[in-house]
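Summary of the model geometry
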Amino acid sequence: MSQNQFDKKSQAWSALFSEPMSDLVKRYTSSVFFDKRLWQADITGSLAHAEMLAAQGIISAEDHASIQKGMAQIWGEIESGAFEWKLDLEDVHLNIEARLTQLVGDAGKRLHTGRSRNDQVATDVRLWLRSEIDLIGELLVDLQKSLVDVAEANAEVILPGFTHLQVAQPVSFGHHMLAYVEMFSRDAERFSEVRRRTNRLPLGSAALAGTSYPLDRERVAKTLAMDGVCQNSLDAVSDRDFAIEFTSAATLTMVHISRMSEELIIWMSQNFSFIKIADRFTTGSSIMPQKKNPDVPELARGKTGRVVGHLMGLITLMKGQPLAYNKDNQEDKEPLFDTVDTLKDTLRIFSEMIGGQVNAATGQKEGGISVNAEAMERAALKGYATATDLADYLVKKGLPFRDAHETVAHAVKAAQTHACDLSELPLTVLQGFHASIEKDVYECLSLRGSLNARNILGGTAPAQVRAQIARHRTRLA
Ligand code: ARG
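First, a word on what this report is: a plain description of the structure on this page. The structure displayed is predicted, hence computed values, not measured ones. (Residues numbered from 1 in each chain as written. Predicted model: local features only at pLDDT ≥ 70, side-chain atom pairs only at ≥ 80, totals over all residues. Heavy atoms only, no water.)

On to the site of the ligand, then. The ligand sits among S31, D91, H93, R117, N118, V121, Y325, Q330 and K333. Note that a nitrogen atom of the ligand is positioned 3.5 Å from one of the side-chain N or O atoms of S31. When the ligand sits alone it has 340 Å² of accessible area, and the protein chains cover 85% of it. Residue contributions to the shell around the ligand peak at three residues, all from helix α7 (residues 117–153). For the shell around the ligand, the residue count by class is two nonpolar, four polar and three charged. (Near = heavy atom within 4 Å. Polar contact = N/O pair within 3.5 Å; in protein donor to acceptor, adjacent residues only side chain to side chain. Areas by Shrake-Rupley, 256 points an atom, 1.4 Å probe, with all protein chains shown as cover. Helix = DSSP H or I, 4+ residues; strand = E, 2+ residues; numbered from the N terminus. Nonpolar A, V, L, I, M, F, W, Y, C, P; charged D, E, K, R; others polar.)

On to a nonpolar patch on the surface. Where nonpolar side chains cluster on the molecular surface, the patch consists of L208, L234 and L323 and spans about 270 Å² of accessible area. Mapping L323 onto the fold places it in the loop between α12 (295–319) and α13 (333–355). Given a relative accessible area of 64%, L323 falls into the exposed group. (Patch = residues over 30% accessible without salt bridge, like charges linked within 9 Å, V, L, I, M, F, W, Y side chains within 5 Å. Salt bridge = Lys/Arg side-chain N within 4 Å of Asp/Glu carboxyl O. Buried < 20%, exposed > 50% of the residue type's maximum accessible area, 1.4 Å probe, protein only.)

Right, let's talk about the layout of surface pockets for a bit. In this structure, the largest pocket encloses a volume near 610 Å³. If you trace the largest pocket, you find 26 residues lining it, with F162, H176, A179, Y180 and E263 closest to the centre. Looking at which element gives the most residues to the lining of the largest pocket, the answer is helix α8 (residues 173–198), with seven residues. Across the lining of the largest pocket, the residue classes break down as 13 nonpolar, nine polar and four charged. (1 Å grid on protein atoms, 1.4 Å probe; cavity = no way out; pocket = protein on both sides within 12 Å on 5 of 7 lines; lining within 4 Å. Points joined across faces, edges and corners; volume = space filled by probe spheres on them.)

Axis separation between helix α3 (residues 39–55) and helix α5 (residues 92–104) bottoms out at 10 Å; the angle between their running directions is 55 degrees. Comparing the axis directions of α3 and α5 gives the class oblique. For the element pair α3 and α5, the recorded crossing hand is right-handed. Residues W39, D42 and I43 of α3 touch α5, and the partners they reach there are V92, H93 and I96. A breakdown of the residues in the contact of α3 with α5 according to their chemical character gives four nonpolar, one polar and one charged. (Axes fitted to C-alpha atoms, helices over the stretch in contact; angles between N-to-C directions. Parallel < 35°, antiparallel > 145°, perpendicular 65-115°, else oblique. Left-handed = near helix turned anticlockwise from the far one by under 90°. Contact = heavy atoms within 4.5 Å.)

Below, the discussion takes up unusual backbone geometry. For the bond from L323 to A324, the omega torsion is 0 degrees, close enough to zero to count as cis. Note that A324 resides in the loop between α12 and α13. Of note in this structure, E90 is not a glycine but carries a positive phi near 65 degrees. If you trace the backbone, E90 turns up in the loop between α4 (61–80) and α5. Phi at L165 takes a positive value of approximately 60 degrees, unusual for a residue other than glycine. When you line up the elements, L165 lands in the loop between β1 (158–163) and β2 (166–172).

With that out of the way, let us pick up α3. In a regular helix each residue adds 1.5 Å, so 17 residues correspond to 24 Å; α3 covers 24 Å between its end C-alpha atoms and thus fits that length. Those residues of α3 lying buried are W39, A41, D42, I43, G45, S46, A48, H49, A50, M52 and L53. Where the residues of α3 are buried, they touch α2 (32–35), α4, α5, α6 (106–110), α7 and α9 (217–223). Directly after α3, the chain includes G57, whose backbone phi takes a positive value near 75 degrees. (Expected span 1.5 Å × (residues − 1).)

Another point: the pairing of β2. In this structure, β1 lies alongside β2, joined through six bridges in antiparallel fashion. Across the sheet, residue F162 finds its bridge partner in β2, namely V167. Adjacent in sequence and paired antiparallel, β1 and β2 are bridged by two residues, among which H164 carries a positive phi angle near 55 degrees. (Pairing = 2+ DSSP bridges.)

In this structure, I96, L147, F173, F191, F246, I275 and F350 are the most contacted members of the largest nonpolar core, which totals 90 residues. The element that contributes the greatest number of residues to this core is α7, accounting for 14 residues. Ignoring sequence-local partners within four residues, the contact set of F173 consists of V150, N154, V157, L159, W267, I275, I369, V371 and M376. Listed in part, the 20 residues of the second largest apolar core include Y384, L390, Y393 and A415. (Core = buried A, V, L, I, M, F, W, Y, C linked by side-chain atoms within 4.5 Å.)

Where α7 contacts helix α11 (residues 241–268), the two axes come as close as 11 Å, and the packing angle between them is 20 degrees. Of the possible angle classes, the one that applies to α7 and α11 is roughly parallel. Classified by chirality, the crossing of α11 by α7 is left-handed. Across the interface between the two elements, A122, V125, R126, L129, I133, I136, L140, L143 and L147 from α7 touch F242, A243, F246, T253, I257 and M260 from α11.

Turning our attention to the pattern of salt bridges. With the rule as written, the count across this model stands at 28 salt bridges. Put simply, D187 and R190 hold a salt bridge, and the shortest N to O gap is 3.0 Å. Of the two residues, D187 and R190 are both situated in helix α8; the distance of three residues between them amounts to about one turn of the helix. Looking at D187, the relative accessible area reads 0%, which means it is buried. The class of R190 is partly exposed, set by a relative accessible area of 26%. Overlapping salt bridges bring together E90, D91, R117 and K327 as one network.

Here the focus is helix α20 (residues 462–476). Between its first and last C-alpha atoms α20 spans 21 Å; for 15 residues at 1.5 Å apiece the expected length is 21 Å, and the two agree. Taken together, the buried positions of α20 are occupied by P462, Q464, V465, Q468, I469, H472 and L476. Mapping the buried residues of α20 onto a view down its axis gives an arc of 150 degrees, with all of them on the same face. Where α20 is buried, its residues contact α7, β2, α8 and α19 (447–453). (Arc of directions from axis to C-beta.)

If you walk through the whole model with that rule in mind, you get seven aromatic pairs. Between W39 and W75, the aromatic rings sit 4.9 Å apart at their centres with planes inclined by 75 degrees, giving edge-to-face as the arrangement. Residue W39 is found in helix α3, and its partner W75 is found in helix α4; the two are separated by 36 residues along the sequence. Classification of W75 as partly exposed rests on a relative accessible area of 26%. Site record: aromatic cluster; members linked through ring pairs are F162, F272 and F274. (Phe/Tyr/Trp six-rings, centres within 6.5 Å; stacked < 30°, edge-to-face > 60°.)

Spelled out as structure tokens, the structure:
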């Protein structure tokens, strides 16, 4: 490699180096083609730092004004696509700083006073992630609202509730939807907790030990609307636990999405036919003309694996690192970015797939999942879903629960032999199992009777489902 390929001016630390980097090593070590998406956070962080440097008398008011002017131009250049990103300049930070210096001269070179890329990158990632967490919070609200809409429309619809994928007890389809609302509301809580710990300021930690300049870190934190200042410089530049925590919260959200996807896929299959999703979320087969495949839920289930992988990647990235900053940490970005992208797309698509989209003409949402209430009810009738209700009936007549359980097992066996439901056994036959059984037994043997009987906080009675819907509506307003 010839000496003129070694452009000293393009490298922030080049005076010490006696040989150029090969193109391969440059490509290997540079991050600009993925970390350039941090540009807004990088400029915002730099402006807050410069403002404080000027307030502290570390740089002049003129230099501060030049930095502001230069950064405003760079902002415009990046936004319009005119900015020329250079691989030689390694990362987003050096690219922006080099352009600033090109535009405003020495003032640009003074910006990095009391700062290192180590505290700079940690700040940028935190600022960027904070705003992504806010967007994710909004998307989680949208998804919950979609689910609450479906719950409200289907509070009375009877679904066979399963345990072990065997018919267990009838539940309201609305109740089932609200189970997911609970999961996503906990996810939202987790993200807001992660936000609190993410939203702390590393700047002022410099490379690892802090700085000898009289920086006002609290002032920078305030300018950046951060909740506090990182209290140990070594920790501030090196730990990426906030990124791991975030990815862990994202993983749990994707796991919830994946469980829902699995149910949608099962419910859509011909053997169930409980629901349909709009055609735009399905695809056909290139060979079997009759097929409509649930590609979107399947992909979401698959993408969950991808996010789980990012979590493992980030944890593994961290585990062997000595204090303080190591270049390993540059590898935090792609998994983090991909986690955010995957999660946001998934949440958007699920809100629409479940709840539909607003028709501009009517203002109403349409095109969400459609529910086949008859198919659900037919399936619930197949599996002796009210057997527990019969046992409870006998307990009310004075039998100990275990004896009632045994008695009902005999009744189920008889019904199986006659290939009928418990509610179809004649009263005389039922009385053969226990003399205390009277005509009113048929109320508790009906699916609706079973549903209404579970009128307890957290239970599936439609009255409870409606109370929960009201609570969620207030919470999500
Ligand atoms: N691109 C680097 C990263 O993503 C920035 C910090 C580099 N610092 C250093 N001393 N090499 O982590």
